[in-house]
Amino acid sequence: MLADLWDAVPPPLRDPVALAVPFFAVFVTLEAVAAALLGDERPAAERRAADGRALPLRGGMERRDATASLTMGVVSIATLTAWKALGLVVYAALFAYVAPWQLPSDAWWTWAIAIVAVDVLFYWSHRISHRVRLLWATHQAHHSSEYFNFATALRQKWNNSAELVVWLPLPLLGVPPALVFFGFSVNLVYQFFVHTERIGKLWAPYEFVFNTPSHHRVHHGSDPLYLDRNYAGILVIWDRLFGTFQAEEHRPTYGLTTPVGTYNIWRLQTHEYAAIARDVRAAPTVRDKLGYVFGPPGWRPQTADYEAAR
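Everything in this summary refers to the structure shown in the same document. Computed from a predicted model, the values in this text were never measured in an experiment.

Concerning the overall build of the chain
Right, on to step 1. In terms of helices and strands, the chain carries 15 helices and zero strands.
Right, on to step 2. Going through the 310 residues of the chain one by one, you find that 46% of them count as buried.
Right, on to step 3. Counting only contacts in the chain whose residues sit at least 6 apart along the sequence, the fraction spanning at least 24 positions is 71%.

In structure tokens:
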């Protein structure tokens, strides 16, 4: 039955992300209007973080920042389509010729398996992207805004190759390739709605099981308490199970620990790759070069010889 309903949808609209685009536009617009109408009535003490950095208005939106986010989102539609086309070829071959069995695409439980399996793999892919600098170089663009709103949700990376690798077990285990991508699209659509400061904490049982705006605000915080926490896509139970959960205790300071200071979308996407290249060129040993590429963000050799060489 699910397959029949899916077949009834025109092919260009079968991607849930494409179906959701008009809703994205409506919610971004509503949030922008709300920010403009409400203004800034905060006392001076609430306008700066502990490090002196200016804190944007809660739920606020800055025109240049939002424009950069939206532009990166538009470009990501094209880049994601290209990556998915490449992945589909590989996944189809694995599904048809390697998988020991093939799950039926018309069974509701296959769809459920695809959505949950993509979600747990998203958790691990997301976690690794924060802990391996080469992957962080791609993902950091999404964290570069110092605002947290629906426009920020659309500030997407342009390189999805890591996720394609992480999802390889699914077609190998018989999940139809189309449902792998469907699960990822459902994940993306859900995550759009957790990028807002307009919603506080939700019903406690929901907060316990699902990713929410409160949980995801923590993830976007650059505060020491919040760094590398709450990697969830849809289900926050993965964070609870694997020890990366952190409840929201205060309003986060959003953005990177070292702000980029630009609205240029090319630089926002590539500046960390350039920084890796500089560090690799300057490193005196192969071990240090590999550390700069595959170590966590901020990794530095802890040797006197290296410091002397610098």
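Re a nonpolar patch on the surface
Right, on to step 1. Together, F23, V26, F27, L30 and F193 make up a nonpolar patch on the protein surface, roughly 460 Å² of accessible area in all.
Right, on to step 2. Mapping F193 onto the fold places it in the loop between α9 (177-192) and α10 (204-209).
Right, on to step 3. Of the residues examined, F193 reaches a relative accessible area of 31% and is grouped as partly exposed.

A closer look at the packing of aromatic side chains
Right, on to step 1. According to the stated counting rule, one finds 19 aromatic pairs in the structure shown.
Right, on to step 2. Ring centres of F148 and Y254 lie 5.1 Å apart, and the angle between their planes is 15°; on these two criteria the pair is classed as stacked. In this pair, F148 is assigned in the loop between α5 (133-143) and α6 (150-153) and Y254 in the loop between α12 (237-242) and α13 (265-282), connecting sequence segments 106 residues apart.
Right, on to step 3. By the ring-pair criterion, three or more aromatic residues cluster together here, those being F24, F27, F150, F192 and F193.

Let's talk about unusual backbone geometry
Right, on to step 1. One non-glycine residue, D228, adopts positive backbone phi at about 60°.
Right, on to step 2. Positionally, D228 belongs in the loop between α11 (213-219) and α12.
Right, on to step 3. For N230, which is not glycine, the phi dihedral falls at a positive 55°.
Right, on to step 4. Note that N230 resides in the loop between α11 and α12.
Right, on to step 5. Taking the relative accessible area as the measure of exposure, N230 reaches 0% and is therefore buried.

Comments concerning the pattern of salt bridges
Right, on to step 1. Here the structure, examined in full by the defined rule, presents 10 salt bridges.
Right, on to step 2. K157 is the salt-bridge partner of E163, the closest N and O atoms lying 3.4 Å from each other. You'll find E163 and K157 in the same group, each marked buried.
Right, on to step 3. Because the salt bridges share partners, they merge into one network encompassing R133, E272, D279 and R300.

Considerations on the nonpolar core
Right, on to step 1. Formed by 17 residues in total, the largest nonpolar core has its most connected members in Y91, V118, W167, L170, V175, L179 and V180.
Right, on to step 2. Going through the elements one at a time, α3 (63-97), α4 (108-131) and α9 are the ones with two or more residues in this core.
Right, on to step 3. Discounting residues that sit within four places of it in the chain, L170 has contacts with A117, V118, L121, V175 and V180.
Right, on to step 4. In this structure, V17, A20, V189 and F192 belong to the second largest nonpolar core, which totals 11 residues.

Overview of the packing of α5 against α13
Helices that pack against each other are described as a pair by the angle of their axes relative to one another and the distance between those axes.
Right, on to step 1. Their axes nearest at 6 Å, the elements α5 and α13 cross at an angle of 155°. Judged by the inter-axis angle, α5 sits roughly antiparallel to α13. Note that α5 runs across α13; the crossing there is right-handed. Contacts between α5 and α13 involve R133, L134, W136, A137, T138, Q140 and A141 on the former and, on the latter, L268, Q269, H271, E272, Y273, A275, I276 and D279.
Right, on to step 2. In terms of residue class, the contact of α5 with α13 is built from eight nonpolar, four polar and three charged.

Side note on α13
Because an α-helix completes one turn every 3.6 residues, residues spaced three or four positions apart along the sequence face the same direction.
Right, on to step 1. Helix length check: α13 (18 residues) gives 27 Å between terminal C-alpha atoms against 26 Å at 1.5 Å per residue, within 8%.
Right, on to step 2. Remark: the principal bend of α13, roughly 45°, maps to H271.
Right, on to step 3. Regarding α13, the residues found buried are L268, Q269, H271, E272, A275, I276 and D279.
Right, on to step 4. Where α13 is buried, its residues meet α3, α5 and α14 (286-294).
Right, on to step 5. With a side-chain oxygen lying 3.0 Å from the backbone nitrogen of W266, the N-terminal cap of α13 falls on N264.

Some remarks on α9
Right, on to step 1. Here α9 is 16 residues long and its end C-alpha atoms lie 23 Å apart, about the 22 Å a rise of 1.5 Å per residue gives.
Right, on to step 2. Of all the 16 residues making up α9, 12 are buried; the element is thus mostly covered by neighbouring parts of the structure.
Right, on to step 3. All of the buried residues along α9 are P177, L179, V180, F181, F182, G183, F184, S185, N187, V189, Q191 and F192.

Digging into the packing of α13 against α14
Right, on to step 1. Here α13 crosses α14 at 170°, and the two axes come no closer than 8 Å. Between α13 and α14, the interaxial angle falls into the category roughly antiparallel. Side by side, α13 and α14 meet where I276, D279, V280 and R281 of the first sit next to K289, Y292 and V293 of the second.

Basis of the calculations
- Residues numbered from 1 in each chain as written.
- Predicted model: local features only at pLDDT ≥ 70, side-chain atom pairs only at ≥ 80, totals over all residues.
- Heavy atoms only, no water.
- Helix = DSSP H or I, 4+ residues; strand = E, 2+ residues; numbered from the N terminus.
- Buried < 20%, exposed > 50% of the residue type's maximum accessible area, 1.4 Å probe, protein only.
- Contact = heavy atoms within 4.5 Å.
- Patch = residues over 30% accessible without salt bridge, like charges linked within 9 Å, V, L, I, M, F, W, Y side chains within 5 Å.
- Areas by Shrake-Rupley, 256 points an atom, 1.4 Å probe, with all protein chains shown as cover.
- Salt bridge = Lys/Arg side-chain N within 4 Å of Asp/Glu carboxyl O.
- Phe/Tyr/Trp six-rings, centres within 6.5 Å; stacked < 30°, edge-to-face > 60°.
- Core = buried A, V, L, I, M, F, W, Y, C linked by side-chain atoms within 4.5 Å.
- Axes fitted to C-alpha atoms, helices over the stretch in contact; angles between N-to-C directions.
- Parallel < 35°, antiparallel > 145°, perpendicular 65-115°, else oblique.
- Left-handed = near helix turned anticlockwise from the far one by under 90°.
- Nonpolar A, V, L, I, M, F, W, Y, C, P; charged D, E, K, R; others polar.
- Expected span 1.5 Å × (residues − 1).
- Bend = angle between axes of the 7 residues up to and from the residue.
- Polar contact = N/O pair within 3.5 Å; in protein donor to acceptor, adjacent residues only side chain to side chain.

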